[in-house]
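Overview (structure and organization)
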Amino acid sequence: MVDREATKTSVTVTFKYEASECATPSGFFTKTVEDSFKLALDNRLYKIMRKADPPFFSAACSIEEATRTTTIFSLQIVCEEGKAKQGLEAGLRELTRARLHGFSEQELRIAGAKQLADAEQLFVERDQTYCTSLRDELVGHFLRGEFVVGAEEEARITRACVERVKTSDLKEFAKRLNFNNSCVIRAMEGRALTTEKDIAGAIDTIQREEHAGAITENEMFNVPERLIEEDTLPPPGKIEGERKFPDLGFKIVQLSNGMQVAMKQTDFLDDQVLVRCFARGGLSEVDQKDYLDALYANTIASELGSYGVKPEILADILAGKRCDVAAKTGTYYRKVDGEASPTDIESTMQLIHMLFTSDVKSMLVPEELEAVLRMQEEAIRNRSRDPVSIYNQTIRHLVYGKSFQSQPLRVKDVRKMKPAKACEHFNASFGDPSEFTMVLVGAFDERRVRPMIEKYLGSIQPSPNPKGRVLQVTPAPFKFPRGVVNRDLRVAMVEPMAQASITFPVNIPNPDYNHKTGQATPSLEGSVALTREKLTCVFASSIIERRLLALLRFKFGEIYTCAASTSFAYQDPQARGPYFRGDIMINFSCDPGAGHRLAQLAMEDVGAMQREGPTAEEVTTAVELETRALEVRVQENSYWREYFEALHNSRLSPLMEGDLDQLYQVSERTRKELMDGLTPEMVRAHLLRCVNLKNRVVVVLRPQRPLWQRLLLPSPTTAEGWAVIAGYAGLTVAAVSLYDRYCAKKE
């Protein structure tokens, strides 16, 4: 099957078999066996993916209830373009191996540990279940006869079933997955490179191997019992200082190696602890010649083993543990984000210790790296076929000034990246603990956590040449273009549709900027004024979105979706320039022929709002919706993690000597005063003061017309159309010239 917009080449193998009733513990046991088989097979496929020169990029299984009486087991294989047959053979070989030889006790134990971890989470949060989960459980009961016993009893039954599952049960289930038993194989790719003959050939190859006895048992693999050996740990660090912020609910401890750890205990979810380590200094600090190395540093590190352990081994060590940690680098900050169960906080601390102390460069293996590079090249090729990806890349490139940091990646850029330099950049970015502050928010026991902080975080050795904390970041080289920029994108589509975006720059005058000296000195009054302007801008975009929905969908009925948002993501956080810069982006999807006209209507409506302001009802609605949304957000751990980071990095923090309670009070008071006193005139004045409608970027995505239409009816709105018109004009001039010569000779 060919999909010109496909972002990956994939092969799906689907088996259909009779569903088992899940109305009794016996039926639940059958479902547990299915899940165990899926997890064990997924683990095998993941290990194959991690080999040098793997036959596919990724592969995974899924099980779904198609009807009350029918279950579908699917294996999806994502591979390199033109190598679907090779990937299919590898996937079918593993299915056959599981059917012939089953799984080892070790593989079953790893699968069972993952199932028990989910059951434990279900039990711990039995009184904090989301209403949507309860709804889905009842729907399953009425549609498929699944029993409803409550989270506590379901967790107990799951544990009992997992402990009863044997390797023979998995082997028995595998008999259902036979090529001759309701099997459908489908290849999906951007170009027609795989034929039915190729698929049939892959099946024949595996069947011949099976009959010849060439498919042997799976090799055993060694799984370390623990992440860190105790005798390899350096001496623990010490907590040298402590500071409490009761209003904010945080406590900050200072470690002897320079790292700070902030803690807030909550009871929102009994089985969740969120973690974040953050430090100033991201991609904006990197020169253009080193940018690709820095951009790919996290990708290379995560694929090779950013914790000093190969990912496939790490996955087995962590089987049954509810913890996840990942490093990322943004424009201005480096972060390590994680989530864990309270019982697995120690594993999370160990992972962070390993991240900071491991040498990623030592994990560099050319054969394994080659597969990573091919995967990245394939991803870029596939994005070039996806209309939405092209659309988003074009917007980013035009809006942010065509800098090297906003340019779309090309296939050849992957090979320009120097892997060794990328690894060195990762090591340098996540090596010095004194640059980082760590946040812990969730249901943890502080008395239990403090010794872990000293043992695993405090023992991270400081850099021999510490740079210290970055106080002022380098502003990113992004600049909004002047005037009006219009871009019409014509892209081949399977299903014709259009998308349009209008982006306006937001320039908030910086009250703290001195035009004579060219410097900005942070002040409380200036920061409060900036915060009010930013919040007003957010409310303005919210009002714009609802106005456009009412106008374009309900009045004209010509849009499918509409969204308006405000972003200050690329602004220098210290606000050292004369303006605090951001943008308002309006994005909507619509009928293919309506993009430009509706974009103009949207522009006119924003202009009317700038001239006349919104209505009092629109302002009241926006404030009410934000109030309700805020009431929900404050009950989430992620809200307080983000809030602490924002206050810690505030330009006012040095001015207030790090008093986060005072900062928190100022922030809350500013927001409350603005929301209580927001008026239509304030919104109108903000738009007049900060948004110039004559400066905008308009991008419209439309389906490409057939070639014969583009040749016979060229469009003057596209470069291709002008080229065709110019070609016709040239041919006409040449024809007239030849005719004149012919007539002159005849005379």
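Residues numbered from 1 in each chain as written. Predicted model: local features only at pLDDT ≥ 70, side-chain atom pairs only at ≥ 80, totals over all residues. Heavy atoms only, no water.

Turning our attention to helix α8 (residues 291–304). Side chains of residues three or four places apart in an α-helix project in the same direction, reflecting 3.6 residues per turn. In this model, α8 (14 residues) spans 20 Å end to end at C-alpha, consistent with the 20 Å of a helix rising 1.5 Å per residue. Bending of α8 peaks at approximately 45° at the position of A297. With 11 of its 14 residues buried, α8 lies for the most part within the structure. Restricting attention to buried positions, one finds in α8 the residues Y291, L292, D293, A294, Y296, A297, N298, I300, A301, E303 and L304. Buried positions along α8 lie against α9 (311–317), β9 (323–329), α11 (366–383), α13 (411–416) and α14 (419–429). (Helix = DSSP H or I, 4+ residues; strand = E, 2+ residues; numbered from the N terminus. Expected span 1.5 Å × (residues − 1). Bend = angle between axes of the 7 residues up to and from the residue. Buried < 20%, exposed > 50% of the residue type's maximum accessible area, 1.4 Å probe, protein only. Contact = heavy atoms within 4.5 Å.)

This part takes up the sheet that holds strand β18 (residues 696–703). If you walk across this open sheet you meet the five strands as β12-β18-β13-β17-β16, and the pairing is mixed. Because the sheet does not close on itself, it has two edges, and the strands there are β12 (484–491) and β16 (559–567). With strand direction ignored, the average angle separating the axes of adjacent strands in the sheet is 10°. Summarising the sheet, β12 and β18 pair through eight bridges and their orientation is parallel. Considered in β18, the bridge of N486 is made with V698. In the packing of helix α17 (residues 595–612) onto the sheet, contacts are made with β12, β13 (498–509), β16, β17 (579–590) and β18, and the angle to β17 comes to roughly 135°. (Pairing = 2+ DSSP bridges. Axes fitted to C-alpha atoms, helices over the stretch in contact; angles between N-to-C directions.)

Right, let's get into the confidence of the model for the protein chain. In low-pLDDT segments, the atomic positions of the prediction should not be examined closely. Summing up the model confidence of the protein chain, the mean pLDDT is 90 and the portion of residues at 70 or higher is 96%. Mean pLDDT in the protein chain bottoms out at helix α22 (residues 707–712), which sits at 62, and peaks at strand β7 (residues 260–265), which reaches 98. (pLDDT = per-residue confidence, 0-100.)

Counting buried positions along strand β6 (residues 250–255) gives five out of six residues, so the element sits mostly inside the fold. When strand β5 (residues 239–245) meets β6, the two strands line up antiparallel, connected through six bridges. Bridge pairing in β6 links F245 to F250. From the end of β5 to the start of β6, which pair antiparallel, there are four residues, and G249 there has a positive phi angle of about 85°. The sheet contact formed by β6 and β7 spans four bridges and is antiparallel. Note that in β7 the partner of V253 across the bridge is V261. Joining the antiparallel neighbours β6 and β7 is a turn of four residues, in which G258 adopts a positive phi near 100°.

With the rule as written, the count across this model stands at zero disulfides. Distance from the sulfur of C161, which forms no disulfide, to the nearest cysteine sulfur (C22) is 8.8 Å. On the basis of relative accessibility, which here comes to 5%, the residue C161 falls in the buried class. Here C562 is not cross-linked by a disulfide; its sulfur's nearest cysteine counterpart is in C590, at 10 Å. Given a relative accessible area of 10%, C562 falls into the buried group. (Disulfide = S-S within 2.5 Å.)

Right, let's get into the environment of E94. Position of E94 relative to the elements: it lies in helix α2 (residues 84–101). Here E94 falls in the buried class, since its relative accessible area comes to 6%. Separated by 112 residues in the primary sequence, E94 and I206 place their C-alpha atoms 9.8 Å from one another. Apart from residues lying up to four places away in sequence, E94 is in contact with L41, R44, L45 and I48.

This next bit is on unusual backbone geometry. The phi angle at D53 is positive, at roughly 50°, despite the residue not being glycine. With respect to the element layout, D53 can be found in the loop between α1 (25–49) and β2 (58–65). For S182, which is not glycine, the phi torsion reads 50° and is therefore positive. Tracing the backbone shows S182 in the loop between α6 (167–174) and β4 (183–188). The exposure class assigned to S182 is partly exposed, which follows from its relative accessible area of 37%.

With that settled, consider the sheet that holds β2. Spatial ordering of the open sheet is given by β2-β3-β1-β4, a layout of four strands whose pairing is antiparallel. Both outer strands of the open sheet, β2 and β4, are each paired with one neighbouring strand and no more. Strand-to-strand twist in this sheet, taken as the mean axis angle between neighbours without regard to direction, amounts to 15°. Both β2 and strand β3 (residues 70–79) contribute to a ladder of eight bridges, which runs antiparallel. Each residue of the ladder has a partner; that of E65, found in β3, is T71.

This next bit is on the packing of helix α10 (residues 345–357) against helix α15 (residues 446–457). Look at α10 against α15: their axes get within 9 Å of each other, and the N-to-C directions meet at 20°. The pairing of α10 with α15 is recorded here as roughly parallel in orientation. Between α10 and α15 lies a crossing of right-handed hand. Here I345, E346, M349, Q350, I352 and H353 of α10 come into contact with α15, specifically with V449, M452, I453, K455, Y456 and L457. (Parallel < 35°, antiparallel > 145°, perpendicular 65-115°, else oblique. Left-handed = near helix turned anticlockwise from the far one by under 90°.)

Turning next to the packing of aromatic side chains. Aromatic rings in a pair are described by how distant their centres are and how their planes are angled relative to each other. Tallied over the full model, the rule gives 19 aromatic pairs. Relative to F478, the ring of Y400 has its centre 5.6 Å away and its plane inclined at 55°; by these criteria the two rings are tilted. Of the two residues, Y400 sits in the loop between α12 (387–399) and α13 while F478 sits in the loop between α15 and β12, which places them 78 residues apart along the sequence. Each member of the pair Y400 and F478 is classed as buried. Each residue in the set Y17, F37, F73, F103 and F173 is aromatic and connected to the rest through ring pairs, giving one cluster. Taking the ring centre of F29 as reference, the NZ or CZ of R164 above it sits at 4.5 Å. Its end group placed over the ring of W640, K264 keeps NZ or CZ at 4.5 Å from the ring centre. (Phe/Tyr/Trp six-rings, centres within 6.5 Å; stacked < 30°, edge-to-face > 60°. Lys NZ or Arg CZ within 6 Å of the ring centre and 35° of its normal.)

What follows is about a nonpolar patch on the surface. Taken together, the side chains of L138, F142 and V148 make up a nonpolar region of the molecular surface, amounting to roughly 310 Å² of accessible area. Here L138 lies in helix α4 (residues 131–144). (Patch = residues over 30% accessible without salt bridge, like charges linked within 9 Å, V, L, I, M, F, W, Y side chains within 5 Å. Areas by Shrake-Rupley, 256 points an atom, 1.4 Å probe, with all protein chains shown as cover. Salt bridge = Lys/Arg side-chain N within 4 Å of Asp/Glu carboxyl O.)

Helix length check: α12, at 13 residues, gives a terminal C-alpha distance of 18 Å against a target of 18 Å (1.5 Å per residue), a fit within 8%. Taken together, the buried positions of α12 are P387, S389, I390, Y391, T394, I395, H397, L398 and V399. Against the buried residues of α12 lie α11, β12, β13, β17 and β18.

Next up on the list: the pairing of β18. The side chains of a regular strand alternate between the sheet's two faces. Across the eight residues of β18, eight count as buried, placing the element largely inside the fold. Of the two faces of β18, the one carrying R696, V698, V700 and R702 and the one carrying V697, V699, L701 and P703 are both buried. Pairing analysis gives five bridges linking β13 to β18, with the strands arranged antiparallel. Across the sheet, Q499 pairs through a bridge with L701, a residue of β18.

It is worth spelling out the environment of K321 at this point. By the secondary structure assignment, K321 is in the loop between α9 and β9. Owing to a relative accessible area of 35%, K321 belongs among the partly exposed residues under this scheme. Each C-alpha atom of the pair K321 and V360 lies 24 Å from the other, and the pair is 39 residues apart in sequence. The residues contacting K321, other than those within four sequence positions of it, are D344 and S347.

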